[in-house]
Amino acid sequence: MDGNGRAQANDGRARRKPPVAPGLHIVATPIGNLGDITLRALEVLAAADLIACEDTRVFAKLANHHGIAAPTISYSDATQDANEPRILRALAEGKRVALVSDAGTPLISDPGYRLVRAALAAGHRVSAAPGPSAVPMALALSGLPTERFFFGGFLPAKSAERRRAIAEAAVVPATLVFFEAPHRLAASLADLAELLGDRPAAVARELTKLYEEVRRASLGELAAHYAAATEVKGEIAIVVGPPGDAAAPTTDMLDEALRQALAGASVKDAAAEVAARFGLRRREVYARALELKRGAKEDGTT
């Protein structure tokens, strides 16, 4: 023990941290607040022989703030074909290469998967310095169930493709997390409310930044709020409660939803869509859909 009661290593010297090993290091960086970077991330970046960045100009701000001087190379969707061979050569030479995205954890709706796969195929060591990510943060702040979740990335920009993606996610028995661009937020919330029902949800915006906002309400209420909003800025995550979290529909609501679905789908498909929307048992909804279909035929309306 030293004079202050602290234990020392057996050899009388303070234990040294192991050096950063050669290989590819996936390094998480702050999503807004520069203070959120981890000590381990700084160690890896300081020791790196080369840093592969989604955008070297964006990374330069972090590098300048923390005095990181390693050379950088662009690795984005636009540059990966040209620069991936150079990165793999550096790994083959025994270099330490760090991979960073503009914000958060690489590969999570960001470039990097192809590089990691190629590095592993070539037998290189791949490790990670974990840290900030908007997905778990938005989930934790949403107030919605966290024991199981599904991350759907960015919703498609085109309406038909977006609605198809939402319909596919409707039956997932978990809290849903999506990224969205500000100018599409209102339209996406409207589609989510229509296809998933009025589930509880949250819109998390500008996480860790000065104007951080988390708005919690039903999908319908959020859709109305952002449809009326004059301007929405920043990085956005939408979190939606799992099936069954929506308010139980009245008989009239259920019948109306089924009639609309039956107008363009088979009884089986219409029942599946409405059951997923309201978090109901498919068998029961199917039985009600059959009743409505029979009734419509008897009335001569179909």
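Colleague: Please set out the pattern of salt bridges residue by residue, giving values where relevant.
Modeller: The full count for this structure, using the stated rule, is 15 salt bridges. Between Arg-114 and Asp-81 there is a salt bridge whose closest N-O contact spans 2.8 Å. One end of the pair, Arg-114, is in helix H4 (residues 113–121); the other, Asp-81, is in helix H3 (residues 80–92), and 33 residues separate them in sequence. Taking relative accessible area as the criterion, Arg-114 reaches 28% and is therefore assigned partly exposed. Under the relative-accessibility criterion, Asp-81 is labelled exposed at 58%. With a closest N to O distance of 3.1 Å, Arg-163 and Asp-191 form a salt bridge. One end of the pair, Arg-163, is in helix H6 (residues 159–169); the other, Asp-191, is in helix H7 (residues 185–196), and 28 residues separate them in sequence. For Arg-163, a relative accessible area of 26% corresponds to the partly exposed category.

Colleague: I'd love a proper account of the packing of H7 against helix H8 (residues 219–228), names of residues and values included.
Modeller: Following both chains from N to C, one finds H7 and H8 inclined at 155°, their axes separated by 8 Å at the closest point. Between H7 and H8, the angle is such that the two are roughly antiparallel. As for the relative orientation of H7 and H8, their crossing is left-handed in sense. Contacts between H7 and H8 involve Leu-185, Ala-186, Leu-189, Ala-190, Leu-192, Ala-193 and Leu-196 from the former and Leu-219, Gly-220, Leu-222, Ala-223, Tyr-226 and Ala-227 from the latter.

What counts as what
Residues numbered from 1 in each chain as written. Predicted model: local features only at pLDDT ≥ 70, side-chain atom pairs only at ≥ 80, totals over all residues. Heavy atoms only, no water. Salt bridge = Lys/Arg side-chain N within 4 Å of Asp/Glu carboxyl O. Helix = DSSP H or I, 4+ residues; strand = E, 2+ residues; numbered from the N terminus. Buried < 20%, exposed > 50% of the residue type's maximum accessible area, 1.4 Å probe, protein only. Axes fitted to C-alpha atoms, helices over the stretch in contact; angles between N-to-C directions. Parallel < 35°, antiparallel > 145°, perpendicular 65-115°, else oblique. Left-handed = near helix turned anticlockwise from the far one by under 90°. Contact = heavy atoms within 4.5 Å.

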